[in-house]
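Breakdown of the fold
For reference, the chains in residue letters:
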Amino acid sequence: MECPHLEEAVKILAPPTIADTKTHFVCAVCNTEKNPWICTNCGKIHCGRYVNGHGKLHNEENPNHSVCMDCESFAVFCYACDEFVINDTEQGHLDKLRRHVVQLLMRVDTCSKHEHCDENSENKSSQNRTQLTLRPKVRRNSTESQENVPISKRRNSTETQENDPKRKRLKKEDRISRPRSSGLRNLGNTCFMNAVLQSLSNIQQFCGYIKQLPSLEEKSTKKKHITRKASKTEEDILLIEEVRKTLIALWQGTKGAISPESLFCVIWKVVPRFRGYQQQDAHEFMRYLLDRLHTELLSLLPYPNNNSPFIGPKGKSTIVTAIFGGLLQNEVTCLECRMESKKHDPFLDLSLDIPPQFSTRSSKNKEGDPVCRLEDCLSSFTELEELEASELYMCSNCKKKQRSTKKFWIRRLPNVLCLHIKRFRWQSYFRVKLDTFVEFPLKDLNMNKYVLNNLHETRGSGKGAANEYDLAAAIVHHGSGAGSGHYTAYAQHDGQWFNFNDSTVTMCEEQTVARCKAYILFYIRREFKIPDYFNGTSHR
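Keep in mind that this is a model prediction, so the values were computed, not measured.

1. Details of the overall build of the protein chain
Of the regular secondary structure elements, the protein chain holds 17 helices and 25 strands. Split into buried and exposed, the 540 residues of the protein chain put 49% on the buried side. For the protein chain, contacts bridging at least 24 residues in sequence account for 68% of all contacts bridging at least 6. Accessible surface, the protein chain as shown: approximately 27500 Å² in total, 48% of it carbon and sulfur.

2. Quick word on the environment of Asp369
Looking at where Asp369 falls in the secondary structure, it is placed in the loop between α15 (356-359) and β11 (372-373). Its relative accessible area of 30% is what places Asp369 among the partly exposed residues. Spatially, the C-alpha atom of Asp369 lies 9.8 Å from that of Phe358, the residues being 11 residues apart in sequence.

3. A few points about the confidence of the model for the protein chain
Here the protein chain shows a mean pLDDT of 76. Residues at 70 or above account for 70%. For the stretch residues 17-23, pLDDT sits under 50, and the model shows 10 contacts to residues farther than four places along the chain or on other chains. Predicted confidence for residues 303-312 stays below pLDDT 50, and this span has 23 contacts to residues more than four positions away or in other chains.

4. Remarks on the sheet that holds strand β15 (residues 404-412)
Reading across from one edge, β9-β8-β15-β12 is the order of the 4 strands in this open sheet, with antiparallel pairing throughout. At either margin of the open sheet sits one strand with a lone partner, and together these are β9 (340-347) and β12 (385-386). Two elements, strand β8 (residues 326-334) and β9, share 8 bridges in a ladder whose sense is antiparallel. Looking at the pairing, Thr333 lines up with Glu340 of β9.

5. Thoughts on a negative patch on the surface
On the surface, Glu383, Glu385, Glu388 and Glu391 cluster together into a negatively charged patch. For Glu385, a relative accessible area of 40% translates into the label partly exposed.

6. Focus on the nonpolar core
Counting residues in each nonpolar core, the largest one holds 67 residues, and the members touching the most others are Phe324 and Phe522. The biggest single contributor to this core is helix α13 (residues 282-299), with 8 residues. For Phe324, the contacting residues outside a window of four places in its chain are Leu200, Ile203, Phe206, Leu290, Phe347, Leu348, Pro414, Val416 and Phe522. Core analysis: the next-biggest nonpolar cluster, separate from the first, contains 37 residues, Leu413, Val438, Tyr450 and Cys516 among them.

7. With respect to the environment of Phe285
Along the chain, Phe285 falls in helix α13. Considered as a pair, Phe285 and Phe274 are 11 residues apart in the sequence and their alpha carbons are 8.3 Å apart. Beyond its immediate chain neighbours, meaning those up to four positions away, Phe285 contacts Phe192, Met193, Val196, Ile267 and Phe274.

8. Quick notes on the pattern of salt bridges
Within this structure, the stated rule accounts for 17 salt bridges. Between Arg287 and Asp349 there is a salt bridge, with the nearest N and O atoms lying 3.0 Å from each other. With Arg287 in helix α13 and Asp349 in the loop between β9 and β10 (350-353), this residue pair connects regions lying 62 residues apart in the sequence. Taking relative accessible area as the criterion, Arg287 reaches 30% and is therefore assigned partly exposed. On the basis of relative accessibility, which here comes to 7%, the residue Asp349 falls in the buried class. The partner of Lys343 in a salt bridge is Asp345, and the shortest N-O contact between them spans 4.0 Å. A cluster of three or more residues bridged by salt bridges with shared partners is formed by Asp444, Glu468, Asp470 and Arg526.

9. Let's talk about the packing of helix α11 (residues 239-250) against helix α12 (residues 261-270)
One way to put it is that α11 packs onto α12 with a least axis distance of 9 Å and a crossing angle of 160°. In this view, α11 runs roughly antiparallel relative to α12, as classed from their interaxial angle. Our pair here, α11 against α12, has a crossing hand that is left-handed. Packed against α11, whose contacting residues are Leu239, Glu242, Val243 and Thr246, the element α12 presents Ser262, Leu263, Val266 and Ile267 at the interface. Its residues placed into classes, the contact of α11 with α12 shows 5 nonpolar, 2 polar and 1 charged.

10. Quick notes on the environment of Leu521
Within the secondary structure layout, Leu521 lies in strand β25 (residues 518-525). According to the relative accessible area criterion, Leu521 is buried, its value standing at 0%. Expressed as a C-alpha distance, the spacing of Leu521 and Val476, which sit 45 residues apart in the sequence, is 9.1 Å. Residues in contact with Leu521, not counting those within four places in the same chain, are Leu374, Leu417, Cys418, Leu419, Ile421, Phe440, Leu471, Ala473 and Ala474.

11. Digging into helix α2 (residues 54-61)
Taken as a whole, α2 has its buried residues at His54, Gly55, His58 and Asn59. The buried residues of α2 occupy an angular sector of 145° when the element is viewed end-on, so they sit on one face. Exposed positions of α2 whose direction lies more than 90 degrees from the buried face are Glu60 and Glu61.

12. Thoughts on the side chain of Thr246
As for its placement among the helices and strands, Thr246 is situated in helix α11. Polar side-chain contacts of Thr246 include one of 2.8 Å to the backbone oxygen of Glu242. Apart from the residues lying within four places of it in its own chain, the contact partners of Thr246 are Leu184, Ile258 and Leu263.

13. Some words on the packing of aromatic side chains
Aromatic rings in a pair are described by how distant their centres are and how their planes are angled relative to each other. Summed over the entire model, instances satisfying the criterion amount to 10 aromatic pairs. Consider the rings of Phe274 and Tyr288, whose centres lie 6.4 Å apart with planes at 70°: the pair is edge-to-face. Of this pair, Phe274 sits in the loop between α12 and α13 while Tyr288 sits in helix α13; the two residues are 14 residues apart in sequence, bridging distant segments of the chain. Neither residue differs from the other here; Phe274 and Tyr288 are each classed as buried. The rings of Phe192, Phe274, Phe285 and Tyr288 are connected pair by pair, giving a single aromatic cluster. The residue whose ring lies beneath Lys407 is Trp409, and the NZ or CZ to ring-centre distance is 4.5 Å.

Rules behind the numbers
- Residues numbered from 1 in each chain as written.
- Predicted model: local features only at pLDDT ≥ 70, side-chain atom pairs only at ≥ 80, totals over all residues.
- Heavy atoms only, no water.
- Helix = DSSP H or I, 4+ residues; strand = E, 2+ residues; numbered from the N terminus.
- Buried < 20%, exposed > 50% of the residue type's maximum accessible area, 1.4 Å probe, protein only.
- Contact = heavy atoms within 4.5 Å.
- Areas by Shrake-Rupley, 256 points an atom, 1.4 Å probe, with all protein chains shown as cover.
- pLDDT = per-residue confidence, 0-100.
- Pairing = 2+ DSSP bridges.
- Patch = residues over 30% accessible without salt bridge, like charges linked within 9 Å, V, L, I, M, F, W, Y side chains within 5 Å.
- Salt bridge = Lys/Arg side-chain N within 4 Å of Asp/Glu carboxyl O.
- Lys, Arg positive; Asp, Glu negative; His and termini not counted.
- Charge placed at Lys NZ, Arg CZ, Asp CG, Glu CD.
- Core = buried A, V, L, I, M, F, W, Y, C linked by side-chain atoms within 4.5 Å.
- Axes fitted to C-alpha atoms, helices over the stretch in contact; angles between N-to-C directions.
- Parallel < 35°, antiparallel > 145°, perpendicular 65-115°, else oblique.
- Left-handed = near helix turned anticlockwise from the far one by under 90°.
- Nonpolar A, V, L, I, M, F, W, Y, C, P; charged D, E, K, R; others polar.
- Arc of directions from axis to C-beta.
- Polar contact = N/O pair within 3.5 Å; in protein donor to acceptor, adjacent residues only side chain to side chain.
- Phe/Tyr/Trp six-rings, centres within 6.5 Å; stacked < 30°, edge-to-face > 60°.
- Lys NZ or Arg CZ within 6 Å of the ring centre and 35° of its normal.

Now the structure itself:
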C-alpha cells in the first residue's frame, strides 16, 4: 500500500557507520540478531514483532517513528498503517537508505572474506570477529564456534592447528552440519511460501528437472514485443522461470540466505489472493503453485526443439503430474437400487481429516489415550460414508435423487505422495486450528490397503515397493490461527534431516521430525518411475 506517513517518519538517509558495530543488525533492547529492523526516523535497530516485538514497542513509545526497514530483505513496514509500504518519499529517501545498507553489507562481506588473512593484530581480529555477527548465518551444530574462541588461541600457527585432533574433529562436524541449500529470507509473512519452496527443492527429481530447464526469459521477451502491450498480462508472466532461478540460487551454496523477491512479485501479479503481507495458507499456495507450473509447461509446448527432453508431448503429462499426479476412484452406490457409479478423479495431493475421536482432544495426550496415527487419517479418508440428506445422489437408474454411500479408492499412486492434514476448520465465523498430534512414519509407509488394483478391480491386492514410501519433507504450522502463526519445514538431503526456518537452516535429528505436528507431508515412492521423456535431465 502507499503510506501517507513517510514524509514525517523517514528522516535518516543512511544507517550508522561501519565503525558503530554495536548497532548493526542487533536489537538495541535484547541484542538478538533475529529479524532486525531499522527505524527510518532515528536509525535504531529493533527486532520484529515475531521475535520480541521491540520494533513495535519503539513505535508505541515514539508515535512519529512508525516506519521501519527490514535490514535483510529491505522491505518497509508502517506500524501506523499496519501494512507494508510500496511507495517512497518525493526525495527517494527509502531508496537511498536501501543503497547504503547494500553497500554496508558488501563491505562487511568483503571484510569477512579476508578474515583469515588479516589476523596480524589483536584489534583487527576483534573487529573482524564483531563484523561477522552482522551477516545472516546458517547455524551449525559444532560444539565450539570460532567467534567464541579467545584471540590468543586463534593466533596459533597453521601447523599446530592442522595437527590438533580436536580441531580436526570440529572441522569435520562443521562440514557435516552445513547444508548445501541456502535459507529464504522472510519478506513479510512469506514463511508459507518459503516452507513450500524448501520442501519442493528437496524432492530431487522435481528440483533437478526444473533447474535444468532452458531459460524462458528470451521467449517471454519476444512474446512481449509481439503483443506490444505496455505491461505484461497474467498470461505473459512465466512463474516457472522465477521458480527455476530461485531453485538454482538455493542450491548454489554461496549464501546463507537469499531473497526470493522476484518470485514473490510474480506471485503477487498472477494471484491477487496472495497480494499483501498477510499470512497465507501453505497448502493453498502449494496447490496453486503446482497447478500453475503444470499449466505453463503445457502452454509452452512444443518448445523450439520438439525433441527436447525437458518437456513431454502436448496434451500429456508434465513433470508436475508425472511426479505428484495420482488417480482416485470415487464410488457412489444408490441405497435403493444398489446401482453403483464410478468416477475417476486426478489429484496432486490428498486432504485428510483428523478422525472425530481425535480432533476434539486437546493438543497434549493424556497417558493411556490412543495416539492418532497417519493410518487412522488414511482409513477415514477411504472408509465407506453415507452422504448427508443435503447431498442426495441423482441415481441414473431410479431417475431421481436418492440416499447413497460414497467411498474413495486410490486407483493410481503418484511418485511423490503429498498428504495434507486438515488442521483448520470453520467454527461459527472463525477458522480454528486442530492441534492434535498425528503420528506419522519416517520410513516404510505402506499404501497397499488403500489401493484399488487396476487390472482386476480387487481391493488392496497390490504388493511390493511400488506402494511403499519414505518421508522426504514435512511442513509445520506453528500457532493457533489460520491467518497467523508461522510456517517451517523439515526435509531430508543425503540421508540427513534439516530444519528450514526462513533464513535459518539447521541440522536436526529424526526424533525431532517425528515429534512435529505436521501440516503437509511429502512421501517419495521407493520405486520411482516417470516416463522416459522426463529422464533427459541429470539431477543434482
